[in-house]
Amino acid sequence: MRRSQTDSAKDKILRAALSRIRTNGYAATTVEDLCAAAGVTKGAFFHHFDSKEGLAVAAIDYWSEVTGALFAGAPYHKLADPLQRVLGYIDLRKALLTGELPEFTCLAGTMVQETYDSNPAIRDACARSIIGHAATIERDIRAAIAKHGIKPAWTAASLALYTQAVLQGAFILAKVTGSAKAAADAVDHLRRYVELLFNRAQQKESAR
């Protein structure tokens, strides 16, 4: 379907927000910056968004749609063993650590660090994005627990959220070091940790 000019302007603004906010942060990104990056007028901006905050919330939802489609179509979903799917997801996260820092860091993670106390609407949108993404990993973790016949002290939900904690921390390490290497090392440790969790749980079950 052919998009209208107004729809095209909205998409341009949203894409500009993904780029500019991950580069400069939420507070330092102005409406003027976004309009310039998108090649649209301020009138077009306010035709689609009633405020910078409204744009931020919409950008996070757009981010979730774009990244959600990326992960939903990833090859690791075809693996028969759910544990291998979890590890495949982690491998993909490492593979995505390419290009300039703003290209692989998380929009929701970037914004929530600035707005968690000052802007509840943006904070809640970031929570929907990060926790909602964790839920997609939780399904495979739960299936892996069942398939491998283990009874861990931890839950699938807690491990899924932990993967996101490590990834967000990895992005921070990349920012403070100016390199993706520290982030990649953190993701490698996450992979080893998940393997170790399941190996130890299986050992305990077999020892009973």
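See the structure shown above.
Residues numbered from 1 in each chain as written. Predicted model: local features only at pLDDT ≥ 70, side-chain atom pairs only at ≥ 80, totals over all residues. Heavy atoms only, no water.

## Description of the packing of helix 8 (residues 120–147) against helix 9 (residues 156–177)
Link 1 in the chain: Two elements in contact, helix 8 and helix 9, have axes separated by 7 Å at closest approach and are oriented at 130 degrees. As judged from the angle between their axes, helix 8 and helix 9 are oblique. As helix 8 packs across helix 9, the resulting crossing turns out to be right-handed. Here Ile 130, Ile 131, His 133, Ala 134, Ile 137, Glu 138, Ile 141, Arg 142 and Ile 145 of helix 8 come into contact with helix 9, specifically with Ala 156, Ala 157, Leu 159, Ala 160, Leu 161, Gln 164 and Gln 168.
Link 2 in the chain: For the contact of helix 8 with helix 9, the per-class residue count stands at 11 nonpolar, three polar and two charged. (Axes fitted to C-alpha atoms, helices over the stretch in contact; angles between N-to-C directions. Helix = DSSP H or I, 4+ residues; strand = E, 2+ residues; numbered from the N terminus. Parallel < 35°, antiparallel > 145°, perpendicular 65-115°, else oblique. Left-handed = near helix turned anticlockwise from the far one by under 90°. Contact = heavy atoms within 4.5 Å. Nonpolar A, V, L, I, M, F, W, Y, C, P; charged D, E, K, R; others polar.)

## Let's talk about the pattern of salt bridges
Link 1 in the chain: Going through the model one piece at a time under the given rule, you end up with nine salt bridges.
Link 2 in the chain: Where Lys 42 meets Glu 32, a salt bridge forms, and the shortest distance between an N and an O atom there is 2.9 Å. Of this pair, Lys 42 sits in helix 3 (residues 42–48) while Glu 32 is found in helix 2 (residues 31–38), placing the two residues 10 residues apart along the sequence.
Link 3 in the chain: On the basis of relative accessible area, Lys 42 is assigned to the partly exposed category, the value being 40%.
Link 4 in the chain: For Glu 32, a relative accessible area of 42% corresponds to the partly exposed category. (Salt bridge = Lys/Arg side-chain N within 4 Å of Asp/Glu carboxyl O. Buried < 20%, exposed > 50% of the residue type's maximum accessible area, 1.4 Å probe, protein only.)

## Examining the layout of surface pockets
Link 1 in the chain: Space inside the largest pocket adds up to approximately 590 Å³.
Link 2 in the chain: Lining the largest pocket are 30 residues, with Thr 67, Gly 68, Phe 71, Arg 93 and His 133 sitting closest to its centre.
Link 3 in the chain: When contributions to the lining of the largest pocket are tallied by element, the ones reaching two or more residues are helix 4 (52–72), helix 6 (101–104), helix 8 and helix 9.
Link 4 in the chain: A class-by-class count of the residues in the lining of the largest pocket yields 13 nonpolar, 11 polar and six charged. (1 Å grid on protein atoms, 1.4 Å probe; cavity = no way out; pocket = protein on both sides within 12 Å on 5 of 7 lines; lining within 4 Å. Points joined across faces, edges and corners; volume = space filled by probe spheres on them.)

## Considerations on the state of the cysteines
Link 1 in the chain: For the coordinates displayed, the defined rule picks out zero disulfides.
Link 2 in the chain: Of the cysteine sulfurs around Cys 106, a residue in no disulfide, the closest is that of Cys 126, at 7.8 Å. (Disulfide = S-S within 2.5 Å.)

## Some details on the environment of Ala 144
Link 1 in the chain: If you trace the backbone, Ala 144 turns up in helix 8.
Link 2 in the chain: Once the C-alpha coordinates of Ala 144 and Pro 82 are considered, the two residues, 62 residues apart in sequence, prove to be 4.9 Å apart.
Link 3 in the chain: If we ignore the near neighbours within four places in the chain, the residues touching Ala 144 are Pro 82, Leu 83 and Phe 198.

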